[in-house]
Amino acid sequence: MEWASWSDFWDMGGYGLYVWGSYAVTAACILIEVILLRRSAFQTRRRLKRMQQWEET
Amino acid sequence: MPDDALLSVHDLACARGERLLFKDMNFSVGAGEMLLVQGGNGQGKTSLLRLLTGLARPEAGEIRWRGEPIRQCRDLFHAEMIYLGHANGVKDDLDPIENLRFAEGLQGRAFERERAIDLLQGLGLARCLDLPCRVLSFGQRRRVALSALLLADAKLWILDEPLTGLDVHAVALMEGLIRDHLASGGMAVATTHQALNLEGVRVQRLLVGNVAIPEMA
Amino acid sequence: MPDDALLSVHDLACARGERLLFKDMNFSVGAGEMLLVQGGNGQGKTSLLRLLTGLARPEAGEIRWRGEPIRQCRDLFHAEMIYLGHANGVKDDLDPIENLRFAEGLQGRAFERERAIDLLQGLGLARCLDLPCRVLSFGQRRRVALSALLLADAKLWILDEPLTGLDVHAVALMEGLIRDHLASGGMAVATTHQALNLEGVRVQRLLVGNVAIPEMA
Amino acid sequence: MNLYTYAAPAHFYQLAGRLIPWFAWSAGILAVAGLYIGFFVAPTDFQQSEAYRVIFIHVPAAWMGMFIYLVMAFWGAIGLAFNTRLSFMMVRALAPTGALFTFIALWTGALWGKPMWGAWWVWDARLTSTLLLLFLYVGIMALWAAIDDVKRGDRAGALLALIGSINVPIIYFSVQWWNTLHQGASVSLTKAPSMATIMLVGMLIMAFAAWFYSIAVAFARARSIILERERQTEWVKQILEN
Amino acid sequence: MGRFLLAVLRRDLTLAARRRGDWLIAQFFFVMVASLFPLGVGPEPNMLARIGPGVLWVAATLASLLSLSRLFADDHHDGSLEHMVLSPEPTVLLVLGKSLAHWLIYGIPLLLIAPVLGIQFNLSWEAILILEFSLLLGTPILSLLGGVGAALTLGLRGGGVLLTLLILPLYVPALIFGAGAVDGVLAGTGAEAHLSLLGAFLILTLLIAPWIAAAALRVSLE
Amino acid sequence: MGRFLLAVLRRDLTLAARRRGDWLIAQFFFVMVASLFPLGVGPEPNMLARIGPGVLWVAATLASLLSLSRLFADDHHDGSLEHMVLSPEPTVLLVLGKSLAHWLIYGIPLLLIAPVLGIQFNLSWEAILILEFSLLLGTPILSLLGGVGAALTLGLRGGGVLLTLLILPLYVPALIFGAGAVDGVLAGTGAEAHLSLLGAFLILTLLIAPWIAAAALRVSLE
Ligand code: HEM
Ligand SMILES: Nc1ncnc2c1ncn2[C@@H]1O[C@H](COP(=O)(O)OP(=O)(O)OP(=O)(O)O)[C@@H](O)[C@H]1O
Ligand SMILES: Nc1ncnc2c1ncn2[C@@H]1O[C@H](COP(=O)(O)OP(=O)(O)OP(=O)(O)O)[C@@H](O)[C@H]1O
Ligand SMILES: [Mg+2]
Ligand SMILES: [Mg+2]
């Protein structure tokens, strides 16, 4: 086991800012991409549905 | 002021480059009257119209609006006049409605959305309302320009070949619109190469240049 | 090859953006014959013509020239066809003669100066020969484009509203030119919103879209 | 022609729908495993202490950035050659993810560089060429944004990806050359930390995670593009019904 | 009058929003020009830090120069410029509105990007701060002077260009003061003097440029 | 075929001669960018000599990029591009001709101006010689790649800047080899290697770019 304690873990031997900075931004980016993707997929479906009904009428 | 000579032109001369297109031109147009500027290609119709709008400076002579030279009363004149040239003045990136909105805003007027939509639909653009004008057809773009003209409801219309690219239905529509405009005391100065049916309208014909034009209905 | 169906169209369909303009279109045009494409604004005339030139790809269907799909025989087809669209294809910075010279050169043909000058004069541009086209009037620029068309003497003319901006004399002239072209075994596909006098010509009318057009002379 | 049947959007839509969960889950699991190794198994690096742990995302991201661009070029070429709609859709579906990974590589690299070199940015060959790669991605997406006719956008983007992919190796090489010419450069990545095998393992696992993730995301994006474009067709109408 | 100015602004902003691509790209151009220099000049950090401010300022200048050329051209081309000039409102307002819009659209984003590039050229934090400041004062100058240039070059072919040649050098003072301010910080001689000169130059331009531009516009349209 | 290529060349050269203005401005732009630098960066001679080659190369790149956006745009606009594409001759020739014309019009003059600017940055004579040589090899690359960009961005607004965004990254190798060659001379490590690499890149571009550009042109006209 590498880490004596959690604080030790978060500190990353003084490089916490850089390491966690990297991981945080990466996580954020991926999260955002997934969310946007889900939203756009949902909206596309809804919009197409609406257009279809509109065309039928 | 005399209602029967709102727009008057005195000894007007126009030169483009070396060439003198016309000189000693005199006419006056009153409310409810239409001036039909005729002449062959390159005789100077467009040049004349640009003089009337004040965009170009006459070589000689003077143009008066309500008795004052238009250079003096620029703001008043521009508030009461609207010009449609060979170019449409339609923004390709905007859809028709947006085009009208900004056209209004730039004239310093408020924008009435419903009225604009009615106008566009009246001109048969119902299904193009949300398309960028880039994708519209030649005639459709011309129609957008015309609806901007109507929306402005100015007193004086200056139209340079308003019918280019319009189909027969649109031409008929346009004739009707001009009639109504004149009937309600408006004035129009227009050029066209196509036959224009204007019975029941006080039309004054002006031949620019020396190419005779066979009388058109 | 059968002389009576040089250009033939099979089950052609055209879509612009979301919109399907027409489908299952079939026709064929033979030598000495003219196809007059009619329809209201925005019905798809220009789109059809661009398909015929091969500039645009059809959504479905096929266009054949002398029996072969035009994609296969592109060079041959383009050598025998010439297109005049809404835009003139006239360079504003060049004078009419230079415009014709380069138009010829770009078709890979030699330039006959005298013939070009005759053509321009025939179209009433005698006094504009040495003016940059920028300063020419709307109709004069259209005339320059037409003379380029004539100079090319191609077999098939594809004309999109050739009459826009032309005065009555020029229109008459143009009618005559089309007649001669067809009489000498040429073919033409044209759109126009104006009445066109074509007696003594084998005309085939094609209505694009659903807007009926009142019969024109 | 069976190429079409393979590339038929309808089939692909169903197939992708079934595959996405698998890729997504395996990506998640691999990521957890990789991170566990990265943080709890891999030893402290003797010269960089803990800072090197950035590598577990940095390198996979950088690799994916480059790899996805090549894949785009591939699909683009297929599309141009056989005029298969699906391949163009794939190109469009891949671009944002590729750009994202490239950005992550830049970001993490920069964060890594600060402690290592005392500078956020150094004009090292890898850094520079990655930056240029990002420009290429942005270029393609900007082109799509500027073109509103779908067909034209597809073909234009494919052509750009094609010429870009021919160019990428040249860029990479030229930048390397440029960098070695100027000896003044304070550091060069060539003396990258000597990696213990366990680090390498963690890095590879993370690389696979990134790979599966990209596939899942690209498929998902492709599906909505398909719906968008095939909406006239019957099968889409049926799908939308329920 | 207020409405007119607002209309001009909204119109240009909407158009810009329609061409988001176009807009983003102008920003990217800035980034790329700035990034090209190290490739040409070489990667030595301290040397880059020396030339950094100059490079960034020149890049910013070029970036907004490019977009300026289209300030009136598009409208002139499709005829809407004539309509605007024919509106009852004074033309000066039109010009002012368009310059302002140009600054909002193309100037502001430069300010947001500059710090990142500053880091690339590893500038110190306060150097970056001053850089921001100088750009904040400098970019409007470019938009205003550019308005004059664009109006003069409108339509006119060969002749107009000579006039642009007269306009471009007017940018130079802004450039010198701006880059000078940052250099001042790096050299430790302080930046106040440069910045205040820059501010004065901005005010001067604001008072003069729109009128000249308006006049030029009318001339070009005749 | 030969005649066609010739016609394209003569046409573009004539047009350029008509708009001497646009032509002048590109050259002027080159001079301006190059001269802005000493202003932004400061006057130390040896520093300038160090960054000289890079600056000149970047300046040259930007200068000819400016004009590239209009490579097809004007013809597209007035409809003559359609006529050219509809000519029986292959489109590749058209593209090649136009790129070549662009190089003759905008590339060659840069070569003539560069030495003067080189002196400004007090480069040694052989450095200037190599600079000339590298530009001679480098500028055609830009014209060719630019053809692709111009065809892709045809008729899009802000095409100019978008084009820059698309083309510059592809152009980086030329920039590096070119500027590197001159640096090589200054550093005494010789320039042959760079120049030959530059030549190879030129040939590669010459073989590939026109075809892609032609395809792009057809796509854009659809
Ligand atoms: C913005 C900054 C950076 C970028 C864009 C970047 C880019 C890249 C790229 C593209 C790769 C994969 C190249 C390959 O595997 O051939 C890579 C690998 C790597 N980078 Fe970075 N890098 C950056 C900063 C750093 C820093 C600061 C370090 C550490 C001091 C670093 C260490 C590494 C290591 C160790 C590898 C893997 C070694 C290998 O694959 O041979 N990078 N980086
Ligand atoms: N710089 C110049 N030198 C010589 N003649 C010129 C110059 N500028 C314009 N012209 C001529 O002036 C005329 C311009 O006329 P204008 O555009 O008003 O014609 P128009 O009556 O509108 O024709 P159309 O019916 O074709 O629109 C043209 O005959 C043109 O040749
Ligand atoms: N992207 C698009 N989305 C929807 N509709 C489009 C799109 N692009 C073009 N259209 C429509 O397609 C039609 C184009 O038709 P076209 O230009 O061929 O008309 P036309 O028959 O030539 O009309 P005109 O007589 O005015 O020239 C227009 O109705 C236009 O609204
Ligand atoms: Mg006219
Ligand atoms: Mg049409």
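This text goes with the structure placed above it.
Described in the following lines is the structure provided in the data block. Computed from a prediction, not measured in an experiment: that's the story for all the values here. (Residues numbered from 1 in each chain as written. Chains lettered and ligands numbered in written order. Predicted model: local features only at pLDDT ≥ 70, side-chain atom pairs only at ≥ 80, totals over all residues. Heavy atoms only, no water.)

### Here we look at the interface of chain E and chain F
Under the convention used in this document: Between two residues, a contact is recorded if the distance between any of their heavy atoms is within 4.5 Å. Joining two parts hides part of their accessible area as seen by a 1.4 Å probe, and the buried area is that hidden amount summed over both. By definition here, a salt bridge exists when the distance from a side-chain nitrogen of Lys or Arg to a carboxyl oxygen of Asp or Glu is within 4 Å.
Taken together, the contacts link 37 residues of chain E with 37 residues of chain F. Surface buried jointly by chain E and chain F totals about 3,400 Å² across both partners, of which 82% is contributed by carbon and sulfur atoms. When the buried surface of chain E facing chain F is broken down by residue, Ile25(E), Met32(E) and Leu36(E) rank first, second and third, together holding 16% of it. Between the two partners, chain E and chain F, sit 0 salt bridges.

### Let's talk about the relation of the copies chain E and chain F
Under the convention used in this document: When the copies are superposed, the least-squares fit draws on C-alpha atoms of residues that have pLDDT of at least 70 in both.
In the superposition of chain E on chain F (RMSD 0.3 Å, axial shift 0.1 Å), the rotation amounts to 179°. Read as a symmetry element, the transformation amounts to a two-fold axis. A high fraction, 92%, of the interface residues of chain E reappear at the interface in chain F, so the copies pair face to face through one surface.

### Considering the packing of helix α3 (residues 45-68) of chain F against helix α7 (residues 125-152) of chain F
Helices that pack against each other are described as a pair by the angle of their axes relative to one another and the distance between those axes. All names here are of chain F. The condition is simple: Fitted lines through C-alpha atoms serve as axes, helices being fitted only where they are in contact, and the angles separating the N-to-C directions of these axes extend from 0 to 180 degrees. Only DSSP runs of H or I with at least four residues qualify as helices, and only runs of E with at least two residues qualify as strands; both kinds are numbered from the N terminus onward. Handedness of a helix crossing follows the sense of rotation of the near helix relative to the far helix, less than a right angle counterclockwise being left-handed and clockwise being right-handed. When residue character is reported, Ala, Val, Leu, Ile, Met, Phe, Trp, Tyr, Cys and Pro are called nonpolar, Asp, Glu, Lys and Arg charged, and the others, Gly included, polar.
Orientation of α3 relative to α7, taken along the N-to-C sense of each, is 35°, at an axis distance of 10 Å. For the element pair α3 and α7, the recorded crossing hand is right-handed. Residues Leu 56, Trp 57, Ala 60, Thr 61, Ser 64, Leu 65 and Leu 68 of α3 form the contact with α7, whose own contacting residues are Leu 131, Ser 134, Leu 135, Gly 138, Leu 142, Ser 143, Gly 146, Gly 147 and Ala 150. For the contact of α3 with α7, the per-class residue count stands at 9 nonpolar, 7 polar and no charged.

### Considering the arrangement of the chains
Between all 12 pairs of chains that are in contact, chains A and D come out with the most contacts. Chain F makes no contact with chain A, the minimum C-alpha separation between the two being 24 Å.

### Regarding the site of ligand 2
Filter applied, for reference: Nearness is defined per residue: one heavy atom within 4 Å of the molecule or strand is enough. Counted as a polar contact is a pair of N or O atoms within 3.5 Å, where, for protein atoms, one must be capable of donating a hydrogen and the other of accepting one, and residues adjacent in sequence contribute only when both atoms are in side chains. For every accessible area listed, the method is Shrake-Rupley and the probe measures 1.4 Å; residues are considered covered only by the protein chains on display.
Inspection of the region around ligand 2 gives 23 residues, with Gly42(B), Lys45(B), Thr46(B), Ser137(C) and Gly139(C) positioned closest. Those chains with residues close to ligand 2 are chains B and C. At a separation of 2.7 Å, an oxygen atom of ligand 2 approaches a polar backbone atom of Gly42(B). Thr46(B) places a polar side-chain atom, nitrogen or oxygen, 2.6 Å from an oxygen atom of ligand 2. Considering ligand 2 on its own, with 650 Å² of exposed area, one finds that the protein chains cover 93% of that surface. At the level of elements, β2 (19-29) and α1 (45-53) of chain B together with α5 (138-151) of chain C are the ones that each hand at least two residues to the shell around ligand 2. Its residues assigned to classes, the shell around ligand 2 shows 5 nonpolar, 13 polar and 5 charged.

### A closer look at the environment of Glu199(B)
Residue and element names in this part refer to chain B. Counted only if it meets this: Relative accessibility decides the category of a residue: with a 1.4 Å probe and only protein chains considered, values under 20% of the type maximum give buried, values over 50% give exposed, and everything between is partly exposed.
One can find Glu 199 in the loop between β8 (187-191) and β9 (202-207). For Glu 199, a relative accessible area of 56% gives the class exposed. Put simply, Glu 199 and Arg 179 are 20 residues apart on the chain and 8.8 Å apart in space, counted from C-alpha to C-alpha.

### Concerning the side chain of Thr191(B)
All names here are of chain B. Its place among the elements puts Thr 191 in strand β8. Residue classification places Thr 191 among the buried positions, given a relative accessible area of 0%. There is a polar contact of 2.8 Å between the side chain of Thr 191 and the side chain of Asp 160. A distance of 2.9 Å separates the side chain of Thr 191 from the backbone nitrogen of Glu 161, its partner in a polar contact. Apart from the residues within four sequence positions on either side, Thr 191 is in contact with Val 37, Lys 45, Leu 49, Leu 159, Asp 160, Glu 161 and Pro 162.

### With respect to the coordination of the magnesium ion (ligand 4)
Residue and element names in this part refer to chain B. What counts, and what does not: Each metal's donors are the N, O and S atoms found within 2.8 Å of it, except that Na, K and Ca use a 3.2 Å limit; water is left out, so coordination can look incomplete.
Within the first shell, the magnesium ion (ligand 4) binds the protein through Thr 46 (OG1) and His 86 (NE2), at distances of 1.8 to 2.3 Å. Of this pair, Thr 46 sits in helix α1 while His 86 sits in the loop between β6 (81-84) and α3 (96-106); the two residues are 40 residues apart in sequence, bridging distant segments of the chain. Note on Thr 46: relative accessible area 25%, which makes it partly exposed. His 86 sits in the partly exposed class, given a relative accessible area of 24%.

### With respect to the interface of chain D and chain A
Each partner contributes residues to the interface: chain D has 40 residues there, and chain A has 29 residues. Both sides together, the interface formed by chain D and chain A hides about 3,100 Å², and carbon and sulfur atoms give 68% of it. Inspection of the region where chain D meets chain A yields 2 salt bridges. As a salt-bridge pair, Glu33(A) and Arg221(D) come within 2.9 Å of each other at their nearest N and O atoms. Where chain D packs against chain A, one counts 5 residue pairs in polar contact (both at pLDDT 80 or more). Elements with a minimum of two residues in the side of chain D that touches chain A: α2 (9-41), α3 (55-82), α4 (85-117), α7 (197-229) and α8 (234-241) of chain D. With 10 residues, the single largest contributor to the side of chain D that touches chain A is α4(D). Of the residues assigned to the side of chain D that touches chain A, the class counts are 25 nonpolar, 7 polar and 8 charged.

### Some details on the sheet that holds strand β4 (residues 60-65) of chain C
Residues and elements named next belong to chain C. Note the threshold: Strand pairing is assigned whenever DSSP identifies at least 2 bridges connecting the two strands.
In space, the 4 strands of this open sheet follow the order β2-β1-β4-β5, with antiparallel pairing throughout. Bordering the open sheet on either side are β2 (19-29) and β5 (68-69), each of which pairs with just one other strand. Sheet topology note: the strand β1 (residues 7-16)/β4 ladder contains 5 bridges and is antiparallel. Counterpart to Ala 13 in the pairing with β4 is Ala 60. Helix α1 (residues 45-53) rests against β1, β2 and β4 of the sheet, and its axis sits at about 125° to β1.

### Things to note about the site of ligand 3
Ser137(B), Gly139(B), Gly42(C), Lys45(C) and Thr46(C) are the nearest of the 23 residues found near ligand 3. In this structure, an oxygen atom belonging to ligand 3 sits 2.7 Å away from a side-chain N or O atom of Ser137(B). Asn41(C) places a side-chain nitrogen or oxygen 3.0 Å from an oxygen atom of ligand 3. Protein chains shield 93% of the accessible area of ligand 3, which is 640 Å² for the free molecule. Elements represented by at least two residues in the shell around ligand 3 include exactly α5 (138-151) of chain B together with β2 and α1 of chain C. Within the shell around ligand 3, the residues separate by chemical class into 5 nonpolar, 13 polar and 5 charged.

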